[in-house]
Amino acid sequence: MADNHHDDHDHGPLQLQYQPALPITIGKLCLWLFLSTEIMFFAALIGTYIVLRWGAPANTWPAPTDVHVEEWIGATNTFVLIFSSFTIVAALEAARANLAARAKTFLFATFILGCVFLGFKAYEYKSKFAHGIYPWGSPRSRMYDKADVYYVAAVRARLGDLRLDLDSRKVLDGTRIDLEKKKALDDQLAEVGDAEHDRIVARLMGKDKIEWTADDSQTLEAALEKAKDDLADKGGWSEHLDEELAEVLRLQGALVRWTEREVALHPNGEKAEAMMMTAGYLVYPLHDFEEYVTSYVEQERIENKDRLADAVKVVAAVEKQLLDLADDAPERAAMVQQLTVAQDEVQLIKSRQELLSDLPEPHGGLNEEHHFLKLPMFIPSGNMWASSYFLLTGFHALHVIVGLIIFALALPLRLDPARGGFLEATGLYWHFVDLVWIFLFPLLYLF
């Protein structure tokens, strides 16, 4: 029995098989090493965004709706990339089954889906730039983290630039009209041979002499052409620009002048903060501040009714005093100036009330209602958000472009079993790109 027991357990020496390397191809090994560095890269970016996002105090990080991030676009792009992961796997399986045509069809579908993803991303980028939501500018971006005196000063400067441009274009247009009238009159009088012709033309041209020569006509032609060229360089003039100029003038008074005056009267109080917050909300409304601003606006509108009544009384009193004064009274000039100031105050209060009257209704902001304004915006942490958004989505889009380039290079090839390793490596890279987006979508679009 002892011998039998020995025979049962004696199987001879253990045979080992030597494996010279990892049980994967060198290409796949290199790809995994590359992806490990990419994982660390995106983990650092996403981790930094998480720290910035959830480390910001309450109401100091823009919500997706505040920066024109639409959830349906992000969800659509998520579906597109997930479906593209299926098509690249289908292309690999077809290649392994030696179905080259089917493999090429699925790879082409993956390429198209990647292009669709980039198309949606380009649409989003265009929307951000159209609304001024980007992290750089000259000398800075249009986004301000605080609604303070610096923000109000930036709004005033922008409105001043707009008014200067519109005023100069209107003056040029008026000059063009005057010159055209003079030219038309010159053409009409060219055939008149009496002395009245010379006198009229000399008066129109501002000349002391009566003679009218060919050189004068050429000077008029040159002045008219120059006025037209200068006006064209500034964008021309049309009737709707009158409305734009009127809106700029209204905002210079009812928004900027009013806010700066009230802040000067209450420099350190809650009223000053509310005034500047209201100015920012009127330009670019944020959902987090809707209740606060609406409450303040209702209070201000009530106060302005009393102000308007008092201002009207002042105007009536000054007008009555002027009626009692003689035309040559020495104090009449001062009273006229006082009346002008009082009338300006009445007009300013009315304009302010008109500006505030839009708030109870659905309010898209002055920038949305008048796209030409492009006023600075109060968006807490807006520059930090924009930097993070464009950095994360930009690097991800760059990886998508690299994948599309690889697909484009592979499409002319015959996708048979010999290309299986290449398609597998390409699929791993594409799955990584999709996985990164799975993390970016909820972070940027849902929170």
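Counting from 1, residues in each chain are numbered in the order their sequence is written. Given that this is a predicted model, residues contribute local features only at a pLDDT of at least 70 and side-chain atom pairs are listed and counted only at 80 or more, while totals for whole chains, interfaces and linings are drawn from all residues. Only heavy atoms go into the side-chain values, all of them from the structure, while hydrogens and water stay out.

1. Considering the overall build of the protein chain
Piece 1. The secondary structure content of the protein chain amounts to 14 helices and two strands.
Piece 2. Exposed residues in this analysis have more than 50% of their type's maximum accessible area, buried residues have under 20%, and partly exposed residues fall in between, with area computed by a 1.4 Å probe over protein chains only. Counting across all 447 residues of the protein chain, residues that qualify as buried make up 40%.
Piece 3. We call two residues contacting when some pair of their heavy atoms lies within 4.5 Å. Residue pairs in contact within the protein chain that sit at least 24 positions apart in sequence constitute 80% of those at least 6 positions apart.
Piece 4. Here, Shrake-Rupley sampling with a 1.4 Å probe gives the accessible areas, and only protein chains in the shown set may cover a residue. If you sum the accessible surface of the protein chain, you get close to 25,400 Å²; carbon and sulfur atoms cover 61% of it. Helix numbers and strand numbers start at the N terminus; a helix is a DSSP run of H or I with at least 4 residues, a strand a run of E with at least 2.

2. Quick look at the packing of aromatic side chains
Piece 1. Each pair of aromatic rings taken from Phe, Tyr and Trp, with Trp reduced to its six-membered ring, is defined by centres within 6.5 Å and is described as stacked if the planes are under 30 degrees apart, edge-to-face if over 60, and tilted in the remaining cases. Here the structure, examined in full by the defined rule, presents 21 aromatic pairs.
Piece 2. Judged by centre distance (5.9 Å) and plane angle (75°), the ring pair of Tyr49 and Trp61 falls under edge-to-face. Within this pair, whereas Tyr49 is found in helix 2 (residues 26-55), its partner Trp61 is found in the loop between helix 2 and helix 3 (71-96), the two being separated by 12 residues in sequence. There is no split in this pair, since Tyr49 and Trp61 are both buried.

3. Focus on a negative patch on the surface
Piece 1. A surface patch of negative charge is lined by Glu354, Asp358, Glu368 and Glu369.
Piece 2. Positionally, Glu354 belongs in helix 11 (residues 332-356). A residue counts toward a patch only above 30% relative accessible area and without a salt bridge, and it is joined to like-charged neighbours within 9 Å or, for Val, Leu, Ile, Met, Phe, Trp and Tyr, to nonpolar neighbours within 5 Å. For salt bridges, the criterion is a side-chain nitrogen of Lys or Arg within 4 Å of an Asp or Glu carboxyl oxygen. Residues counted as positive are Lys and Arg, residues counted as negative are Asp and Glu, and His and the chain ends are not counted. The location of each charge is read from NZ of Lys, CZ of Arg, CG of Asp or CD of Glu.

4. A closer look at a nonpolar patch on the surface
Piece 1. Residues Leu398, Ile401, Val402, Ile405 and Leu409 make up a contiguous nonpolar surface patch of roughly 450 Å² in combined accessible area.
Piece 2. In this structure Val402 comes out as partly exposed when scored by relative accessible area, which is 37%.

5. Details of the nonpolar core
Piece 1. Counting 99 residues, the largest nonpolar core has Leu107, Leu159, Leu251, Leu255, Leu366, Leu373 and Trp385 as the members making the most contacts within it.
Piece 2. The element that contributes the greatest number of residues to this core is helix 14 (residues 420-445), accounting for 12 residues.
Piece 3. Beyond its immediate sequence surroundings of up to four residues, Trp385 is in contact with Tyr49, Trp61, Pro62, Val67, Val69, Lys128 and Ile133. To define a nonpolar core, start from buried Ala, Val, Leu, Ile, Met, Phe, Trp, Tyr and Cys residues and group those joined through side-chain atoms within 4.5 Å.

6. Section: the side chain of Thr78
Piece 1. Locating Thr78 in the fold gives a position in helix 3.
Piece 2. Under the relative-accessibility criterion, Thr78 is labelled buried at 11%.
Piece 3. For the purposes of these results, a polar contact is taken to be a pair of N or O atoms within 3.5 Å, where, inside protein, one atom must be able to donate a hydrogen and its partner to accept one; residues adjacent in sequence count only when each atom of the pair is a side-chain atom. Here Trp437 takes part through its side chain, which lies 3.0 Å from a polar atom of the side chain of Thr78.
Piece 4. Once you skip the residues sitting within four places of it in the chain, Thr78 turns out to touch Trp437, Ile438 and Phe441.

7. Quick look at the pattern of salt bridges
Piece 1. Tallied over the full model, the rule gives 17 salt bridges.
Piece 2. One salt bridge connects Lys28 with Glu424, and the closest N-O pair in it is separated by 2.7 Å. Taken together, the positions of Lys28 in helix 2 and Glu424 in helix 14 put the pair 396 residues apart, joining distant regions of the chain.
Piece 3. Accessibility expressed as a relative area gives 23% for Glu424, which makes it partly exposed.
Piece 4. As a salt-bridge pair, Arg261 and Glu262 come within 3.8 Å of each other at their nearest N and O atoms.

8. A few points about the confidence of the model for the protein chain
Piece 1. Residue-level pLDDT values for the protein chain average 84, and 86% of them are 70 or greater.
Piece 2. In this model, residues 208-212 is a region of pLDDT below 50 whose contacts with residues beyond four sequence positions or in other chains number 12 contacts. On a scale of 0 to 100, pLDDT captures the predictor's confidence in every residue.

9. Some points on unusual backbone geometry
Piece 1. Backbone geometry places His68, a non-glycine residue, at a positive phi of 60°.
Piece 2. With respect to the element layout, His68 can be found in the loop between helix 2 and helix 3.
Piece 3. Classification of His68 by relative accessible area gives partly exposed; the value is 23%.
Piece 4. For Ser381, which is not a glycine, the phi torsion comes out positive at approximately 60°.
Piece 5. With respect to the helices and strands, the residue Ser381 is situated in the loop between strand 2 (377-378) and helix 13 (382-410).
Piece 6. Since its relative accessible area comes to 18%, Ser381 is described here as buried.

10. A closer look at the packing of helix 8 (residues 239-265) against helix 10 (residues 290-324)
Piece 1. Contact geometry for helix 8 and helix 10: axes closest at 15 Å, N-to-C directions at 90°. In terms of orientation, helix 8 lies roughly perpendicular with respect to helix 10. Touching Trp258, Arg261 and Glu262 of helix 8 are Glu300, Asn304 and Arg307, all from helix 10.
Piece 2. Residue classes in the contact of helix 8 with helix 10 are distributed as one nonpolar, one polar and four charged. Axes, fitted as lines to C-alpha atoms, cover a helix only where it is in contact. Angles between the N-to-C directions of the axes lie from 0 to 180 degrees. Convention used here: angles under 35 degrees read as roughly parallel, angles over 145 as roughly antiparallel, angles from 65 to 115 as roughly perpendicular, and any remaining angle as oblique. Three classes are used, and their members are as follows: Ala, Val, Leu, Ile, Met, Phe, Trp, Tyr, Cys and Pro are nonpolar, Asp, Glu, Lys and Arg are charged, and the others, Gly among them, are polar.

11. Topic: helix 9 (residues 270-283)
Quick reminder: α-helices carry 3.6 residues per turn. Residues three or four places apart thus point the same way.
Piece 1. Under the convention used throughout, the expected extent of a helix is 1.5 Å for every residue step, that is, one less than its residue count. Here helix 9 contains 14 residues, and its C-alpha end-to-end distance of 20 Å stays within 8% of the 20 Å for a straight helix at 1.5 Å per residue.
Piece 2. Of all 14 residues in helix 9, 11 are buried, a share of seventy percent or more.
Piece 3. Residues of helix 9 that are buried include every one of Ala272, Ala274, Met275, Met276, Met277, Thr278, Ala279, Gly280, Tyr281, Leu282 and Val283, and no others.

12. A few points about the environment of Ala279
Piece 1. Residue position: Ala279 is located in helix 9.
Piece 2. Overall, Ala279 belongs to the buried group, its relative accessible area being 7%.
Piece 3. Residues Ala279 and Trp258, spaced 21 residues apart in sequence, show a C-alpha to C-alpha distance of 9.8 Å.
Piece 4. Leave out the neighbours within four places in its chain, and Ala279 touches Tyr151, Leu255 and Thr259.

13. What to know about the packing of helix 8 against helix 9
Piece 1. Helix 9 packs onto helix 8 with a crossing angle of 165° between their chain directions and a minimal axis gap of 9 Å. Taken together, helix 8 and helix 9 sit at an angle that is classed as roughly antiparallel. Like other packed secondary-structure pairs, helix 8 and helix 9 cross with a definite hand, here left-handed. Only Lys271, Ala272, Met275, Met276, Ala279, Leu282 and Val283 of helix 9 make contact with helix 8, whose side of the interface consists of Leu255, Trp258, Thr259, Glu262 and Val263.
Piece 2. Partitioning the contact of helix 8 with helix 9 into residue classes produces nine nonpolar, one polar and two charged. Crossing handedness is defined as follows: a turn of the near helix away from the far one that is anticlockwise and smaller than a right angle gives a left-handed crossing, while the clockwise case is right-handed.

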